[in-house]
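Structural characterization, general
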Amino acid sequence: MTNAGTTVTADLPTPAVRLPRCRGIELTLIVVAVLLSVYGYCAVGLAKNGTVPPGAAGYGAGLGVLALLAHVAVRLRAPYADPLLLPIGVLLNGLGLVLIYRLDLETPGDRAAPTQLVWSTLGVTLFIVVVLALRDHRVLQRYAYVCVAAALVLLTLPVLFPAVNGARIWIRIAGFSIQPGEFAKVLLAVFFAAYLAANRNALAYAGRRVRRLQLPTGRVLGPIVAIWLISVGVLVLERDLGTSLLFFGLFVTLLYVATGRTGWIAVGLLLAALGAVAVGQLEPHVHSRVLDWLHPFASIDAGEGPNQLAQSLFAFAAGGMLGTGLGRGHSILIGFAAKSDFILATAGEELGLAGLSAIFILYGLLVERGYRAGLALRDPFGRLLAVGLASIVALQVFVIAGGVTGLIPLTGMAMPFLAQGGSSVVTNWAIVALLIRLSDSARRHPDYAIEVAA
């Protein structure tokens, strides 16, 4: 309308800014990741035999095809997904194959790289299926109790089988082995996210107040205590400190995110400490690992030679700042766990502190991008699921890296993407696929687009 020669225009809503899809950036980073992996493969062959390995072209082609198929699936079904998630997964998986191949050269009778490549193929296949089939992450919320029931079954199954290296975390039948706990952690993340999204108000405000801590009602507190008892039960029955810490740490993290109350972190740390101390004193296998952590060089003083943890510390020390170079280390002296629990020691020795820092930065970026997607999502379930999946990676890296460097007692978990282990690599590809779906939903939101553009 016009008033005294002045035109007044009604305020219009700010149009939503459409984010660029960034699929070209993702493809470029994937090519770089594949080339770096092939370079590492060739560097190992040159260091050990003086020639490029004959399978270098096939390795590069296989990894490249898998990565390209995954990229096409993302381009078709999740075009606004974060462009860093898939390249980070490809690079970590490729580096893991290189390290396992490098250790295979020291154990000609026990080659793990071909099997790991098969598992990696299955993992990427699962990634593609999840990206193509899961159109909306909120569908998973409907199956929360199905997920927790399946997770409990998977956690219980290894108890029925003989212990392997002192821990009951494996199912081995006719030479075929899987680690059910790896799949259970994703199912539990879905259940925790759904349960806390539905009960976050009751957890934050219901119940009586004890000084500064707002306690929930017994009806809501019951499942929390049950989760704690289950985590301690896993520790007692399966003698697996790492899985117990991971499950309970995941739940406490999501509890804090859902309620915003730091008191839950204190309660969680107290319960975890009580359970770990009690089981560490009473369970011989866990107790022996605590003693190895407290006295890593005791076996040397006793004239028995260095144990696995001592050899790992020697490997990190030998690597120095820049490392000995791929194929030029001696981490195989660690023994049978060099390709699994202690594969980070090989990276530390042959890539040095610089290479090890680069690996941790990749993990940090993967976790940060997961948290970023969670913060951008508007639905509580999606926010908690994204934070939970990213926290699984963060907690697992901390527990494993802390164990092999002597920061905390050693556990029997696998370093995501790097270590030998089919169940682990398949599960981690599923986590990346879910983060891809969640980040695509987050980046489609108009508020997110306006915030980033600003």
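Residues numbered from 1 in each chain as written. Predicted model: local features only at pLDDT ≥ 70, side-chain atom pairs only at ≥ 80, totals over all residues. Heavy atoms only, no water.

Thoughts on the overall build of the protein
Heads up, the rule is: The numbering of helices and of strands both runs from the N terminus, where a helix is a DSSP run of H or I of at least 4 residues and a strand a run of E of at least 2. Remark: exposure states derive from per-residue accessible area (1.4 Å probe, protein chains only) relative to the maximum for the residue type, with buried under 20%, exposed over 50%, and partly exposed in between. Throughout, a residue-residue contact means that at least one pair of heavy atoms, one from each residue, lies within 4.5 Å. Each accessible area value is a Shrake-Rupley result obtained with a 1.4 Å probe; residue values ignore everything except the protein chains displayed when judging cover.
Helix and strand counts for the protein come out as 16 helices and 6 strands. Counting the 454 residues in the protein, one finds 51% classified as buried. In the protein, once contacts between residues fewer than 6 apart in sequence are set aside, the share between residues at least 24 apart is 73%. Summed over all atoms, the accessible surface of the protein reaches about 20,400 Å², with 66% contributed by carbon and sulfur.

Focus: the packing of aromatic side chains
Operational definition: Pairing of aromatic rings covers Phe, Tyr and Trp, the last through its six-membered ring, and needs centres within 6.5 Å; plane angles under 30 degrees mean stacked, over 60 mean edge-to-face, and all others mean tilted.
Applying the stated criterion across every chain, the model contains 9 aromatic pairs. Arranged with centres 4.7 Å apart and planes meeting at 65 degrees, the rings of Phe192 and Phe251 form a pair that is edge-to-face. Note that Phe192 is positioned in helix α6 (residues 180-205) and Phe251 in helix α8 (residues 241-259), a separation of 59 residues in sequence. The exposure class assigned to Phe192 is buried, which follows from its relative accessible area of 1%. For Phe251, a relative accessible area of 2% puts it in the buried group. Relative to Phe314, the ring of Phe297 lies with its centre 5.8 Å away and its plane at 20 degrees, an arrangement referred to as stacked. Of this pair, Phe297 sits in the loop between α10 (284-294) and α11 (298-301) while Phe314 sits in helix α12 (residues 308-319), and the two are 17 residues apart along the sequence. A relative accessible area of 38% places Phe314 in the partly exposed class.

Focus on a nonpolar patch on the surface
Here is the rule: Only residues whose relative accessible area exceeds 30% and that take part in no salt bridge are eligible for patches, with like-charged residues grouped when within 9 Å of each other and nonpolar side chains (Val, Leu, Ile, Met, Phe, Trp, Tyr) grouped when within 5 Å. Just to be clear on terms, a salt bridge is a Lys or Arg side-chain nitrogen sitting within 4 Å of an Asp or Glu carboxyl oxygen.
Together, Leu27, Val31, Leu35, Leu68, Val72, Leu76 and Leu132 make up an exposed nonpolar region whose accessible area comes to about 590 Å². Secondary-structure elements contributing two or more residues to the nonpolar patch are α1 (23-49) and α2 (56-77). Inspection of the secondary structure assignment puts Val72 in helix α2.

Some words on the confidence of the model for the protein
Note the cut-off: As a per-residue measure, pLDDT tells how confident the predictor is, with possible values from 0 to 100.
Within the protein, residue pLDDT values average 83, and 83% of them lie at 70 or more. Within the model, pLDDT remains below 50 along residues 1-16, and this stretch shows 7 contacts once partners closer than five positions in the same chain are excluded. Throughout residues 448-454 the model reports pLDDT below 50, and contacts reaching past four residues in sequence, or to other chains, amount to 14 contacts.

What about the pattern of salt bridges?
Counting across every chain of the model gives 11 salt bridges. Where Arg102 meets Glu350, a salt bridge forms, and the shortest distance between an N and an O atom there is 2.4 Å. Note that Arg102 is positioned in helix α3 (residues 85-104) and Glu350 in helix α13 (residues 343-376), a separation of 248 residues in sequence. Classification of Glu350 as buried rests on a relative accessible area of 1%.

Digging into unusual backbone geometry
Positive phi, close to 70 degrees, is recorded for Phe417, a residue that is not glycine. You can call Phe417 buried: its relative accessible area is 3%.

A look at the environment of Gly123
The topology assignment puts Gly123 in helix α4 (residues 113-133). Note on Gly123: relative accessible area 0%, which makes it buried. Ignoring any residue separated from it by four or fewer positions in sequence, one finds Gly123 in contact with Val426 and Trp429.

Focus: the nonpolar core
Our working rule: The nonpolar core is taken to be a set of buried Ala, Val, Leu, Ile, Met, Phe, Trp, Tyr and Cys residues, with the residues joined through side-chain atoms within 4.5 Å.
In this structure, Phe127, Leu389, Met415, Trp429 and Ile436 are the most contacted members of the largest nonpolar core, which totals 119 residues. The dominant element in this core, judged by the number of residues it contributes, is helix α14 (residues 380-404), at 14 residues.

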